[in-house]
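Results of the structural survey
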Amino acid sequence: MQLVIISGRSGSGKSIALQALEDLGYYAIDNLPAMLLGSLVDELRDQGERTHLAVSIDARNLPGALERLPAQLNELRQRQIDFQVIYLTTDARILLERYSATRRRHPLTRDSEMTLEEAINKEEETLHDIRDLADLLIDTSRLSVHDLRRRITDQVAHQRRDQLTLTFESFGYKRGVPMDADLVFDVRCLPNPYWDPTLRQFTGRDANIVAFLSSYPIVDDMSNDIQAWLERWLPAYQNSQRSYMTIAIGCTGGQHRSVYMVEQLAKRLAPRMGEVQLRHRELGLQYTLSDQSALPLTNLPHIDKRQETS
C-alpha cells in the first residue's frame, strides 16, 4: 500500500492535489475523519491488493481527532505502512483575497461568529501539529492550478521513498522567504551585477552574468562552502526519514546572484543526489537538470527586470 495524506489550509489547493492523485489512479477520499484512517488502511490492506490511497485530513475534523493523529501516524509507521504527509499552505493575505473573490465561506466560520481573518489564523493553529509532521510542505501562494498539479505529479506520485528529492530555489528577499524552504542561504554579500547598467537586464542563467560572478573569488568560496555543508549534512537528513528537501538561496531581487548560485550548486550535486529540481521564483521558471526546457510558473505576476535589484 502507498498512502498519501493531504492536509493544509482551506483555500490552498487540497482538492486540486487530491484530484491530481485520483487522475493518476489513486483511490481518493476527501475530508476523511482522522479517527477512521487506521480502519480504512486495514480494510484495504485485507483485500490483498496493492493499493494507492490518497486522503484529505484537515481542520474540518473534530479537534480531538486531530490531536490523536500524530499517534495514529506513528502506529502506521511501526506497522511499516508506506505513507507521505503533504501539507499545503498559502500566505494569509492571499487566502483573504481568494475567499473575497469567490465569496465562499471558510469552514471555521460556518458555525461560529469568527471573522474570515480569525478563521484563517485559527485554522493554522489547529493544523500546527500536522504541519510539523509533513514530509513535504508546498507553498501555493504563487502557483496556478496547473503548477500545483505538476508539483504533485512530480514530487509525490513519482517519488521514490528510498531517494531524497532535492529542490534548489532562488528567491528575492524583497518578496519574502519561501514558506516551503527547509534550508535558507543568503548571498546578498556577493558582488551585485545589478549596479552595472549593461548587465541589469540579464539573469543568473545568462553567460555574461555567469562570467561576471565567476570572476570573483568570493563567489566561488561561498559556493564551495555551501556545497561542502550540503554534502556533509544531506545524508543525515535522508537517514532521518526525510524524503524532500528544499534549499532556498536568496539575494535582493532574485534575478542575478541567487539564480547563479542555484544553477551552480544543482549541477555540482546532481551526480551524487540523482534528479535535482530547480525553481527560480522571481523568474517564474521551474525544471529539472535532465530537462532544460524550463516550464513557466504561470500564476506569477509580470516582473519588469529593468526595475529589479538583485
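For the structure itself, look to the data block above.
Attention in this report is confined to the structure presented alongside it. None of these values were measured; they are calculated from a predicted model.

Digging into the packing of helix H2 (residues 37–46) against helix H3 (residues 63–78)
At a minimum axis distance of 10 Å, the contact between H2 and H3 shows a crossing angle of 25°. In terms of axis orientation, H2 runs roughly parallel to H3. On H3, the residues touching Leu-37, Gly-38 and Val-41 of H2 are Leu-69, Gln-72, Leu-73 and Leu-76. Considered class by class, the residues forming the contact of H2 with H3 number 5 nonpolar, 2 polar and no charged.

Remarks on the pairing of strand E1 (residues 2–8)
Counted residue by residue, E1 has 6 buried out of 7 residues, so it is predominantly covered. Relative to strand E3 (residues 52–56), E1 runs parallel, the two being bridged by 5 bridges. Directly across from Val-4, in E3, lies its bridge partner Ala-54.

Notes on the nonpolar core
Core analysis: the largest hydrophobic core is formed by 32 residues, its most contacted members being Leu-166, Phe-168, Leu-230, Ile-249 and Met-261. Elements that contribute at least two residues to this core include exactly strand E6 (165–172), strand E7 (183–186), helix H8 (207–214), helix H9 (217–239), strand E8 (244–251), helix H10 (257–273), strand E9 (276–280) and strand E10 (285–288). Every residue in contact with Ile-249, bar those within four places of it in the chain, is listed here: Phe-168, Glu-169, Ser-170, Phe-171, Phe-185, Val-187, Ser-258, Met-261, Val-262 and Leu-265. Membership of the second largest hydrophobic core comes to 27 residues, among which are Leu-44, Ile-57, Leu-127 and Ala-134.

Looking at a nonpolar patch on the surface
Residues Met-35, Leu-36 and Leu-62 make up a contiguous nonpolar surface patch of about 290 Å² in total accessible area. With respect to the helices and strands, Met-35 occurs in the loop between strand E2 (27–29) and H2. A residue is classified by how much of its surface remains accessible, and Met-35, at 43% relative accessible area, is partly exposed.

Observations regarding unusual backbone geometry
The phi torsion at Asn-31 lies on the positive side, around 55°, for a residue other than glycine. Its location among the elements puts Asn-31 in the loop between E2 and H2. With phi around 65°, Gln-80 is a residue other than glycine that occupies positive phi space. With respect to the element layout, Gln-80 can be found in the loop between H3 and strand E4 (82–89).

A short note on empty space enclosed by the protein
The tally for this structure, following the rule as stated, stands at 1 cavity of 30 Å³ or more. What the largest cavity holds in volume is close to 120 Å³. Forming the walls of the largest cavity are 10 residues, and the residues nearest its centre are Asp-139, Arg-142, Leu-143, Glu-169 and Arg-281. Grouping the constituent residues of the lining of the largest cavity by class yields 3 nonpolar, no polar and 7 charged.

A short note on the pattern of salt bridges
This model, assessed by the stated rule, comprises 19 salt bridges. Between Glu-124 and Arg-9 there is a salt bridge, with its nearest N and O atoms 3.3 Å apart. Taken together, the residues Glu-124 in helix H5 (residues 116–126) and Arg-9 in the loop between E1 and helix H1 (14–23) connect sequence positions 115 residues apart. Looking at Arg-9, the relative accessible area reads 7%, which means it is buried. Residue Arg-279 is joined to Asp-180 by a salt bridge in which the shortest nitrogen-to-oxygen separation is 3.5 Å. In this pair, Arg-279 sits in strand E9 while Asp-180 sits in the loop between E6 and E7, placing the two residues 99 residues apart along the sequence. Here the two residues Arg-279 and Asp-180 agree in accessibility, since each one is buried.

As for the sheet that holds E2
Neighbouring strands of a sheet are bound in pairs by backbone hydrogen bonds; such pairs are parallel or else antiparallel. Pairing within the open sheet is parallel, and its 5 strands lie in the order E2-E3-E1-E4-E5. Strands at the two margins of the open sheet, each flanked by one partner only, are E2 and strand E5 (136–139). Adjacent strand axes in the sheet meet at a mean angle of 20° when their direction is disregarded. For E1 and E4, the ladder comprises 7 bridges, and the chain directions are parallel. What sits directly across from Ser-7, in E4, is Tyr-87. Across the sheet, H3 is in contact with E1 and E4; its angle to E4 comes to roughly 145°.

Some words on the packing of aromatic side chains
Going through the model one piece at a time under the given rule, you end up with 5 aromatic pairs. Centroid distance Phe-185 to Trp-229: 6.1 Å. Interplanar angle 75°. Geometry classified as edge-to-face. Residue Phe-185 is located in strand E7, and its partner Trp-229 is located in helix H9; the two are separated by 44 residues in the primary sequence. The interplanar angle of 55° and the centroid separation of 5.3 Å between the aromatic rings of Phe-212 and Tyr-216 together place this pair among those described as tilted. The class for Phe-212 is buried, based on a relative accessible area of 17%. One aromatic cluster is present, formed by Phe-185, Trp-229 and Trp-233 through successive ring pairs. Here Arg-188 stacks its cationic end above the ring of Tyr-173, 3.6 Å away from the centre of that ring. Over the ring of Trp-233 we find Arg-232; its NZ or CZ atom is 4.1 Å from the centre of that ring.

What counts and how
Residues numbered from 1 in each chain as written. Predicted model: local features only at pLDDT ≥ 70, side-chain atom pairs only at ≥ 80, totals over all residues. Heavy atoms only, no water. Axes fitted to C-alpha atoms, helices over the stretch in contact; angles between N-to-C directions. Helix = DSSP H or I, 4+ residues; strand = E, 2+ residues; numbered from the N terminus. Parallel < 35°, antiparallel > 145°, perpendicular 65-115°, else oblique. Contact = heavy atoms within 4.5 Å. Nonpolar A, V, L, I, M, F, W, Y, C, P; charged D, E, K, R; others polar. Buried < 20%, exposed > 50% of the residue type's maximum accessible area, 1.4 Å probe, protein only. Pairing = 2+ DSSP bridges. Core = buried A, V, L, I, M, F, W, Y, C linked by side-chain atoms within 4.5 Å. Patch = residues over 30% accessible without salt bridge, like charges linked within 9 Å, V, L, I, M, F, W, Y side chains within 5 Å. Areas by Shrake-Rupley, 256 points an atom, 1.4 Å probe, with all protein chains shown as cover. Salt bridge = Lys/Arg side-chain N within 4 Å of Asp/Glu carboxyl O. 1 Å grid on protein atoms, 1.4 Å probe; cavity = no way out; pocket = protein on both sides within 12 Å on 5 of 7 lines; lining within 4 Å. Points joined across faces, edges and corners; volume = space filled by probe spheres on them. Phe/Tyr/Trp six-rings, centres within 6.5 Å; stacked < 30°, edge-to-face > 60°. Lys NZ or Arg CZ within 6 Å of the ring centre and 35° of its normal.

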